[in-house]
Amino acid sequence: MAGRRVVVFPSAAELGPVLASLVASRAEKAISSRGRFTLGLSGGSLVNILSKELPALPELDCSKWVVGFCDERLVSFDDPESTYGLYKSQLFSKVNIPDNAVLTIDSSLSVQDCAEDYTRKLKKAFPDDEFPVFDLLLLGMGPDGHTCSLFPDHPLLEENKKIVAPISDSPKPPPQRVTMTFPVVNAARCVSFVSTGGSKAQVLKEVLEGREGSVYPAARVAPTKGELFWLLDDPAAASLSIHVERPGSGETL
Ligand SMILES: O=C(O)[C@H](O)[C@@H](O)[C@H](O)[C@H](O)COP(=O)(O)O
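My aim in this report is to walk through the structure given alongside it, one point at a time.

Rules used in this analysis
- Residues numbered from 1 in each chain as written.
- Predicted model: local features only at pLDDT ≥ 70, side-chain atom pairs only at ≥ 80, totals over all residues.
- Heavy atoms only, no water.
- Phe/Tyr/Trp six-rings, centres within 6.5 Å; stacked < 30°, edge-to-face > 60°.
- Helix = DSSP H or I, 4+ residues; strand = E, 2+ residues; numbered from the N terminus.
- Buried < 20%, exposed > 50% of the residue type's maximum accessible area, 1.4 Å probe, protein only.
- Salt bridge = Lys/Arg side-chain N within 4 Å of Asp/Glu carboxyl O.
- Near = heavy atom within 4 Å.
- Polar contact = N/O pair within 3.5 Å; in protein donor to acceptor, adjacent residues only side chain to side chain.
- Areas by Shrake-Rupley, 256 points an atom, 1.4 Å probe, with all protein chains shown as cover.
- Nonpolar A, V, L, I, M, F, W, Y, C, P; charged D, E, K, R; others polar.
- Pairing = 2+ DSSP bridges.

1. Comments concerning the packing of aromatic side chains
Item 1. Under the criterion given, the structure shown has eight aromatic pairs.
Item 2. Ring geometry for Phe69 and Tyr84: centres 6.2 Å apart, planes at 90 degrees, overall edge-to-face. A residue pair is termed long-range when its members are at least 10 positions apart, and Phe69 in strand β3 (residues 65-69) and Tyr84 in helix α3 (residues 83-90) qualify at 15 residues.
Item 3. Judged by relative accessible area, Phe69 falls into the buried class, the value being 3%.
Item 4. Aromatic pair Tyr84 and Phe92: ring centres 6.1 Å apart, planes at 35 degrees, arrangement tilted. Each of the two residues, Tyr84 as well as Phe92, counts as buried.
Item 5. Within the aromatic cluster, the residues linked to one another by ring pairs are Phe69, Phe77, Tyr84, Tyr87 and Phe92.

2. Topic: the pattern of salt bridges
Item 1. Taken as a whole and assessed by the stated rule, the structure comprises 11 salt bridges.
Item 2. One network of salt bridges, in which partners are shared, links Arg34, Asp135 and Arg189.

3. Side note on the site of the ligand
Item 1. As a structural note, the neighbourhood of the ligand is formed by Gly43, Gly44, Ser45, Asp71, Arg73, Met141, Gly142, His146, Cys148, Lys172, Arg177 and Lys200.
Item 2. Arg177 places a side-chain nitrogen or oxygen 2.9 Å from an oxygen atom of the ligand.
Item 3. At a separation of 2.4 Å, an oxygen atom of the ligand approaches a polar side-chain atom of Lys200.
Item 4. When the ligand sits alone it has 420 Å² of accessible area, and the protein chains cover 88% of it.
Item 5. Of the residues belonging to the shell around the ligand, the class tally is two nonpolar, five polar and five charged.

4. Some words on the pairing of strand β7 (residues 177-180)
Item 1. Covered by surrounding structure in β7 are Arg177 and Thr179 together with Val178 and Met180, the residues of both alternating faces.
Item 2. Inspection of the sheet shows strand β4 (residues 71-73) paired to β7 by three bridges, in the antiparallel sense. The residue bridging Arg73 from the neighbouring strand is Arg177, located in β7.
Item 3. The sheet contact formed by strand β6 (residues 164-167) and β7 spans four bridges and is antiparallel. Bridging from a neighbouring strand, Ile167 pairs with Arg177 of β7.

Structure (structure tokens):
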């Protein structure tokens, strides 16, 4: 791992623009070295932050982006629970990401078939990689320490062969989902968590300061060769005693 950076902002409002500039800088780097930028998105508060901040960036060009989902709920795209549906109406409609560059699930399939279909889509998009190597994965963490749809004590935490796995007993509704597995998450060139709000403070202390072998799925995110960021606000970071960075305004990561 290239080293973990825990970066704390006074509030989510200050975090947003820095997250957007992180996306833009990793996109520029990826496009200049490999001709495209591969980004994995998660749901939760990231949808609103990215939908507000990315279109506000001057000269944002998404024409060479390929976007996938770290996890997705198996519901139709017009269901308010659909992560793709939310991004489509709030973000993709405002930027120039080509429609065919967004890798969506086929929500008409059974959860097993949906995971296999999404695996095929990722393999096609990353033909040279045993596990797809995304330039950037953006993750959230639930109050139970889950990330993607990888939940505490779930057998999927040990999945090391599949790229995408089905889950039909998600403790957080809706129960049927597909999720990237840890080998994909930890193969990424850069992973950034975004976690805000006081309800995350205790679990963040366990995840970031706890012993190795933590039961929290988020603690298992450790890119083998890539960068790892934890972008937090003050309420979420309130219980931490480790060293954290506090960037000045206009500073980039
Ligand atoms: O699929 C889901 O149920 C959500 O996407 C969920 O996994 C979310 O990412 C985390 O709970 C973090 O949520 P916040 O970003 O709102 O803290």
